[in-house]
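# Remarks on the overall topology
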Amino acid sequence: MANGQWFPQDWPERIRALADGTLTPVVPKRAATVMLLKDTTAGPVVHMLRRRASMAFAGGAYAYPGGGVDPRDDDHQIRWAGPTRAWWAERLGVDEAEAQAIVCAAVRETYEEAGVLLAGPAPDSVVGDTTGEDWEADREALVARDASFAEFLERRGLVLRSDLLGAWTRWITPEFEPRRYDTWFFVAALPEGQRTRNASTEADRTVWIGPAEAAASYDKGELLMMPPTIATLRQLAPYDTAGKALTAAPARDLTPVLARARLDDDEIVLSWPGHDEFTKHIPTGGAPA
């Protein structure tokens, strides 16, 4: 492969099955992922994790902390700072209950997989070090889904800081994939006093890396990534501080990006609208080009 674009070997077969009507698309699950940034003298860097090669979905690929929405966070009112739920509902294109659950998922997954918590005891504060044994016990309970994130915040007396997040883009897994997600990508800055760690059982490595450096490594085929990951890295590269990226977020278009596949004579053409670099031409019975 010329670059690091992740491409499952069963895609051509599934694309043909979708085209001839023998494959019924799976309903995508709601999900959220966070591009966590911090400033350095060389510019902002983003926190990325490498998914274990044994993972069924995107094994070996670099990604951001993220995961599925917990339905329990839809209707449990929590202490909330920043833009209102109504504002977030309009921004994300969902109702208010869904908006709360999606934002909760973004904050929860960042805590579960990176140990960073975008919440504080007051609307203008953020917790400090979260590496103590009591914090770790709570984090593990969240990972095991023994407690919802809303319950965790309530018991801890914490306010969710939605103002520390910026909605960046939205991607939906292609219709021919067996595991599908409707994923909102957020951007956030590492809070002062907190530090990341590899807290995820799904990752074997984590790095802080400049978006342009990561994109260059993808182009050389050194880092494996899914289209949304490399696309967002390229979008982040022009910003010389984390704050500028956050400031730009509210104006970004959140129209979902959904891959399209069509049969064209003797090949399958796979494309992502607005992202021509990911277009694949797959000869019938052959490998992608």
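In this report, the structure presented in the accompanying data block is examined.

Reading guide: rules and limits
Counting starts from 1 at the beginning of each chain's written sequence and moves along it residue by residue. Given that this is a predicted model, residues contribute local features only at a pLDDT of at least 70 and side-chain atom pairs are listed and counted only at 80 or more, while totals for whole chains, interfaces and linings are drawn from all residues. Note that water and hydrogens are dropped before the side-chain values are worked out from all heavy atoms of the structure. Note on pairing: two strands pair once DSSP finds at least 2 bridges between them. Counting from the N terminus, the helices are the DSSP runs of H or I reaching at least four residues and the strands are the DSSP runs of E reaching at least two. Only protein chains enter the accessibility calculation, which uses a 1.4 Å probe. A residue is then buried if its area is under 20% of the maximum for its type, exposed if over 50%, and partly exposed in between. As used here, the arc is the angular range of directions from the helix axis to the C-beta atoms. Helix axes are fitted to C-alpha atoms over the stretch in contact, other axes to C-alpha atoms as well, and angles between N-to-C directions run from 0 to 180 degrees. In this analysis, two residues are considered to be in contact whenever any of their non-hydrogen atoms come within 4.5 Å of each other. Salt bridges are identified by distance alone: a Lys or Arg side-chain nitrogen within 4 Å of an Asp or Glu carboxyl oxygen. For this classification, under 35 degrees means roughly parallel, over 145 means roughly antiparallel, 65 to 115 means roughly perpendicular, and everything else is oblique. By definition, any crossing whose near helix is turned counterclockwise from its far helix by less than a right angle is left-handed, and any crossing with a clockwise turn is right-handed. Under the grouping applied here, Gly and all other residues not named as nonpolar or charged are polar, the nonpolar ones being Ala, Val, Leu, Ile, Met, Phe, Trp, Tyr, Cys and Pro and the charged ones Asp, Glu, Lys and Arg. The pairing test for Phe, Tyr and Trp rings, Trp by its six-membered ring, is centres within 6.5 Å, and the orientation test on the planes gives stacked under 30 degrees, edge-to-face over 60, and tilted for anything in between. Lysine and arginine charges are scored as sitting over a ring when NZ or CZ, respectively, is within 6 Å of the ring centre and within 35 degrees of the ring normal.

### Regarding the sheet that holds strand β5 (residues 80-81)
Think of a sheet as strands paired side by side through backbone hydrogen bonds, with each pair either parallel or antiparallel. Taking strand neighbours across the sheet as the criterion, the three strands line up as β5-β7-β6 in an open arrangement whose pairing is mixed. Where the open sheet ends on each side, the last strands, each with one partner, are β5 and β6 (119-120). Strand direction decides the pairing type here: β5 and strand β7 (residues 159-161), joined by two bridges, are parallel. What sits directly across from W80, in β7, is L160.

### Quick notes on helix α6 (residues 211-219)
Buried within α6 are the following residues: P211, A214, A215, S217 and Y218. Summarising the axial view, the buried residues of α6 lie within an arc of 160 degrees, below the 170-degree limit, and thus occupy one face. Downstream of α6 by one or two residues, G221 has phi in the positive range, about 80 degrees.

### Some points on the sheet that holds strand β14 (residues 275-283)
The three strands are arranged β12-β13-β14 in an open sheet whose pairing can be described as antiparallel. A single partner strand is all that each edge strand has here, and the edge strands are β12 (260-264) and β14. If you compare each strand with its neighbour and ignore which way they point, the axes differ by 20 degrees on average. Pairing of strand β13 (residues 267-272) with β14, which is carried by five bridges, proceeds in the antiparallel orientation. For V269, the partnering residue across the bridge sits in β14 and is H281. The sheet contacts of helix α1 (residues 11-19) involve β12, β13 and β14, and relative to β13 the element is tilted by about 95 degrees.

### Remarks on the pattern of salt bridges
Side-chain pairs of opposite charge can arise where the charged atoms are in close proximity. Here the structure, examined in full by the defined rule, presents 18 salt bridges. Among the ionic pairs, R50 bridges to D204, the shortest N-O distance being 2.8 Å. In this pair, R50 sits in strand β2 (residues 45-51) while D204 sits in strand β10 (residues 203-209), placing the two residues 154 residues apart along the sequence. For R50, a relative accessible area of 29% corresponds to the partly exposed category. Overall, D204 belongs to the partly exposed group, its relative accessible area being 36%. The salt bridge involving D240 is made with K244; its shortest N-O contact spans 2.9 Å. Of the residues examined, D240 reaches a relative accessible area of 45% and is grouped as partly exposed. With relative accessibility at 43%, the residue K244 sits in the partly exposed group. Taken together, the salt bridges that share partners define one network made up of D73, R108, E109, E112 and R145.

### What to know about the pairing of β12
Pairing analysis gives five bridges linking β12 to β13, with the strands arranged antiparallel. Its bridge partner being in β13, D264 is matched across the sheet by E267. Where β12 folds back onto β13 in an antiparallel hairpin, the turn is made up of two residues, including D265, whose phi is positive at roughly 55 degrees.

### With respect to unusual backbone geometry
A positive phi angle, close to 60 degrees, is found at R145, a residue other than glycine. Following the sequence through the fold, R145 ends up in the loop between α4 (133-143) and α5 (149-156). When its relative accessible area of 31% is taken as the criterion, R145 is described as partly exposed.

### Points about the packing of α4 against α5
One can describe the packing of α4 onto α5 by two numbers: an axis separation of 10 Å at closest approach and a directional angle of 155 degrees. Between α4 and α5, the angle is such that the two are roughly antiparallel. Between α4 and α5 the crossing geometry is right-handed. Here α4 contributes D134, W135, D138 and L142 to the contact with α5, which in turn contributes F149, F152, R155 and R156. When the residues that make up the contact of α4 with α5 are grouped by side-chain class, the tally is four nonpolar, no polar and four charged.

### Focus: the packing of aromatic side chains
Two measures describe an aromatic ring pair: the distance that separates the ring centres and the angle between the ring planes. All chains considered together, the criterion is met by nine aromatic pairs. Consider the rings of Y64 and F185, whose centres lie 6.5 Å apart with planes at 90 degrees: the pair is edge-to-face. Residue Y64 is located in the loop between β3 (62-63) and β4 (66-68), and its partner F185 is located in strand β9 (residues 181-189); the two are separated by 121 residues in the primary sequence. The exposure class of Y64 is buried, given its relative accessible area of 4%. Residues W87 and W88 carry aromatic rings whose centres are separated by 5.0 Å and whose planes lie at 90 degrees to one another, so their mutual orientation is edge-to-face. Looking at W88, the relative accessible area reads 0%, which means it is buried. Taking the ring centre of W135 as reference, the NZ or CZ of R156 above it sits at 3.7 Å.

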